[in-house]
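Commentary on secondary and tertiary structure
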There are 2 protein chains.
Amino acid sequence: MRNRSCVMRLLRYKNALLKLKALNFVRVFSDNLADAAGVTSAQVRKDFSIFGITGNRRGGYQVGDLIENLSHILGKDKDYEFIVVGVGNIGKALMRYDGFEKSGIKISAGFDIDPTKYDPGAAVAVYDLSKLNEYVVKNKIRFGIIAVPEFAAQQAFEVMINSGIKGVLNFTPARLKGPEDCIINNINLETELESIIYFVNVADKTGGK
Amino acid sequence: MRNRSCVMRLLRYKNALLKLKALNFVRVFSDNLADAAGVTSAQVRKDFSIFGITGNRRGGYQVGDLIENLSHILGKDKDYEFIVVGVGNIGKALMRYDGFEKSGIKISAGFDIDPTKYDPGAAVAVYDLSKLNEYVVKNKIRFGIIAVPEFAAQQAFEVMINSGIKGVLNFTPARLKGPEDCIINNINLETELESIIYFVNVADKTGGK
DNA sequence: AATAAAATGTGAAAAAAATCACAAAAAATA
DNA sequence: TATTTTTTGTGATTTTTTTCACATTTTATT
């Protein structure tokens, strides 16, 4: 196993390779992947080295082989289902987003405590939060997205954990507390925007004159 | 200037402090901030040390002072306006999201090439992409969010750059190419979800038995 | 067949980030 | 007032990550 940023790079390589394959590319060089993933070619080769992926000196890598290798390392052999807890602006957007399908990811249901959100007949059904446990157990769901308001995040998380969910993408600023064996990725939209403001302001002060 | 992850930590400290202040806390220890931000207390003190923030041995830090210090370092003295390019699921969600306001961030307009999206009278007005330049120049906007489909990302980015935008949050998997002095933050929803799947699967194989 | 050119693969070096660990200061207590 | 306790502040150390640089392999060329 490797750390998060290394895995994120491998995922980016793989996604770039899938695009190259769709364009009928057969060979690819570490340089190309570096460009596509926004890193250096040495980094690409080092990553491959760590995972025992080898290419052909002077000949680069075979796109097909590389995709196979990365898919094996990244271990995504099948499609996965996610549920969304919190069917507000963000939750709804994720449920309707069609970019996940090509990555083999499906959002299969949404849950909310607000009865006006229920819609069991929708393309992606929305149920009461109290139905989450039953749904998750029955459908053996292991992954979820938290898109509730911050104050409700920890509670939503606990409902998910208790139902057997093992991996969560958290869109709230809350730092969720839970068992070690649950994987949590955080996306904090506020700090993303604030950090952009910071770096632009810094650039103004230093580079701008 | 410091690197991205350090700045992200400072932003998290600040947000935690704002919550403590709202609860009328006066003193805070590095331990508390560490918990709130998901790091160690040594990390907190080190960060502060780097930026010359000092507290009081044995007494911790004054919440108010700390907020003032961090605000000064992070340089966010006023509110900032963002525009959104691409008024699809994600774009719309961001335009309606009410969590930015408390951070002093306002989404002031949206732009799209699809005429059915136009809505100059909405709470957050939506205009044709061709109006972006005029709007951005007139309102001196410096920040934008890209929420278009991947194939349109680079073009949208160039329109923004040419209008004077200096900082961008990119929700597409595309690696945008542009001038050095434009700050780009990327959020790749697909790889976020895929990395969760990876780490859960790894945990299954190692810890699960 | 010999030579040149191009790209990998990887130890070694450098840089960056995180942690340690403890003296120093401040507050609390006796 | 002296002693103890607690928490900061930071140089030193360790760990992690990235970059360097070049021998090695493969392909192309003469």
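Moving on, we come to the overall build of chain A. From N to C terminus, chain A includes eight helices and eight strands. Projected onto its principal axes, the C-alpha positions of chain A cover 60 × 50 × 35 Å. Each of the 209 residues in chain A was classed as buried or not, and the buried ones make up 50%. Within chain A, contacts between residues at least 6 apart in sequence are counted, and of these 55% link residues at least 24 apart. Approximately 10,600 Å² of chain A is accessible, and the part contributed by carbon and sulfur atoms is 50%. Once the 28 positive and 23 negative side-chain charges of chain A are each reduced to a mean point, those two points are 7 Å apart.

Let us now look at the sheet that holds strand β7 (residues 167-170) of chain B. All names here are of chain B. With respect to topology, six strands assemble into an open sheet ordered β5-β4-β3-β6-β7-β8, the strand pairing being parallel. Two strands close off the open sheet at either side, each with one partner strand: β5 (125-128) and β8 (183-186). On average, each strand axis in the sheet is inclined to that of its neighbour by 25°, with strand direction left out of account. Pairing of β7 with β8 involves four bridges; the strand directions are parallel. Each residue of the ladder has a partner; that of V168, found in β8, is I184. Sitting on the sheet, helix α5 (residues 89-96) touches β3 (80-85), β4 (105-112), β5 and β6 (143-146), and the angle it makes with β4 is about 150°.

Moving on to the relation of the copies chain B and chain A. Rotating chain B by 180° and moving it 0.0 Å along the rotation axis overlays it on chain A with an RMSD of 0.1 Å. Taken together, these values place the two copies in the relation of a two-fold axis. For chain B, the minimum C-alpha distance to the rotation axis belongs to A93 of chain B and amounts to 3.1 Å.

Close to DNA strand C lie 21 residues; S30, R45, G55, R57 and R58 of chain A are nearest. Among the atoms of DNA strand C lying within 4 Å of the protein, the sugar-phosphate backbone contributes 67%. R57 of chain A places a side-chain nitrogen or oxygen 2.9 Å from a base oxygen of DNA strand C. In the model, a base nitrogen of DNA strand C is placed 2.9 Å from a nitrogen or oxygen of the R58 of chain A side chain. Going through the elements one at a time, α3 (41-50) of chain A together with α3 (41-50) of chain B are the ones with two or more residues in the surface near DNA strand C.

All right, on to the packing of helix α2 (residues 30-37) of chain A against α3 of chain A then. Residues and elements named next belong to chain A. Axis separation between α2 and α3 bottoms out at 8 Å; the angle between their running directions is 105°. Between α2 and α3, the angle falls in the class roughly perpendicular. When α2 is examined against α3, the residues S30, D31, L33 and A34 are found in contact with a partner set consisting of S41, V44, R45 and F48. Partitioned by chemical class, the residues of the contact of α2 with α3 number four nonpolar, two polar and two charged.

What follows deals with the interface of chain B and chain A. Interfaces are frequently sized by the accessible area removed from exposure as the parts join. Counting from both sides, the interface comprises 62 residues of chain B and, opposite them, 62 residues of chain A. Here chain B and chain A share an interface that buries about 5,900 Å² over both sides, 66% of which is from carbon and sulfur atoms. Taken together, chain B and chain A are joined by ten salt bridges. Between R142 of chain A and D204 of chain B there is a salt bridge, with the nearest N and O atoms lying 2.5 Å from each other. Linking chain B with chain A are 16 residue pairs in polar contact (both at pLDDT 80 or more), by the criterion used here. With 15 residues, the top contributor of residues to the side of chain B that touches chain A is helix α8 (residues 189-206) of chain B. In the side of chain B that touches chain A, the residues fall into 32 nonpolar, twelve polar and 18 charged.

As for its placement among the helices and strands, Q62 of chain A is situated in strand β2 (residues 61-62). Each C-alpha atom of the pair Q62 of chain A and V26 of chain A lies 5.8 Å from the other, and the pair is 36 residues apart in sequence.

Below, the discussion takes up the domain arrangement of chain A. Domain parsing of chain A yields domain 1 (4-73) and domain 2 (80-191). Between domain 1 of chain A and domain 2 of chain A, the C-alpha centre-to-centre distance is 32 Å.

Okay, unusual backbone geometry next. Phi at N24 of chain A is positive, roughly 65°, even though this residue is not glycine. Within the element layout of this structure, N24 of chain A appears in the loop between α1 (4-22) and β1 (27-28).

What follows covers the nonpolar core. One finds L17, F48 and I145 of chain A together with L17, F48 and I145 of chain B to be the most contacted residues of the largest nonpolar core, which totals 100 residues. If we ignore the near neighbours within four places in the chain, the residues touching L17 of chain A are V28, L33, V63, L66, I67 and L70 of chain A.

By nearness alone, 21 residues border DNA strand D, and R57 of chain A together with S30, G55, R58 and Y61 of chain B come closest of all. The sugar-phosphate portion of DNA strand D accounts for 69% of its atoms within 4 Å of the protein, the bases making up the rest. One nitrogen or oxygen atom from the side chain of N3 of chain A is found 3.2 Å from a phosphate oxygen belonging to DNA strand D. Contact distances for DNA strand D include 3.5 Å between a sugar or linking oxygen and a side-chain N or O atom of Q43 of chain A. Elements that contribute at least two residues to the surface near DNA strand D include exactly α3 of chain A together with α3 of chain B.

Cut-offs used in this document
- Residues numbered from 1 in each chain as written.
- Chains lettered and ligands numbered in written order.
- Predicted model: local features only at pLDDT ≥ 70, side-chain atom pairs only at ≥ 80, totals over all residues.
- Heavy atoms only, no water.
- Helix = DSSP H or I, 4+ residues; strand = E, 2+ residues; numbered from the N terminus.
- Buried < 20%, exposed > 50% of the residue type's maximum accessible area, 1.4 Å probe, protein only.
- Contact = heavy atoms within 4.5 Å.
- Areas by Shrake-Rupley, 256 points an atom, 1.4 Å probe, with all protein chains shown as cover.
- Lys, Arg positive; Asp, Glu negative; His and termini not counted.
- Charge placed at Lys NZ, Arg CZ, Asp CG, Glu CD.
- Pairing = 2+ DSSP bridges.
- Axes fitted to C-alpha atoms, helices over the stretch in contact; angles between N-to-C directions.
- Least-squares fit on C-alpha atoms with pLDDT ≥ 70 in both.
- Near = heavy atom within 4 Å.
- Polar contact = N/O pair within 3.5 Å; in protein donor to acceptor, adjacent residues only side chain to side chain.
- Parallel < 35°, antiparallel > 145°, perpendicular 65-115°, else oblique.
- Nonpolar A, V, L, I, M, F, W, Y, C, P; charged D, E, K, R; others polar.
- Buried area = accessible area lost by both parts, 1.4 Å probe.
- Salt bridge = Lys/Arg side-chain N within 4 Å of Asp/Glu carboxyl O.
- Domains from an automatic or database assignment.
- Core = buried A, V, L, I, M, F, W, Y, C linked by side-chain atoms within 4.5 Å.

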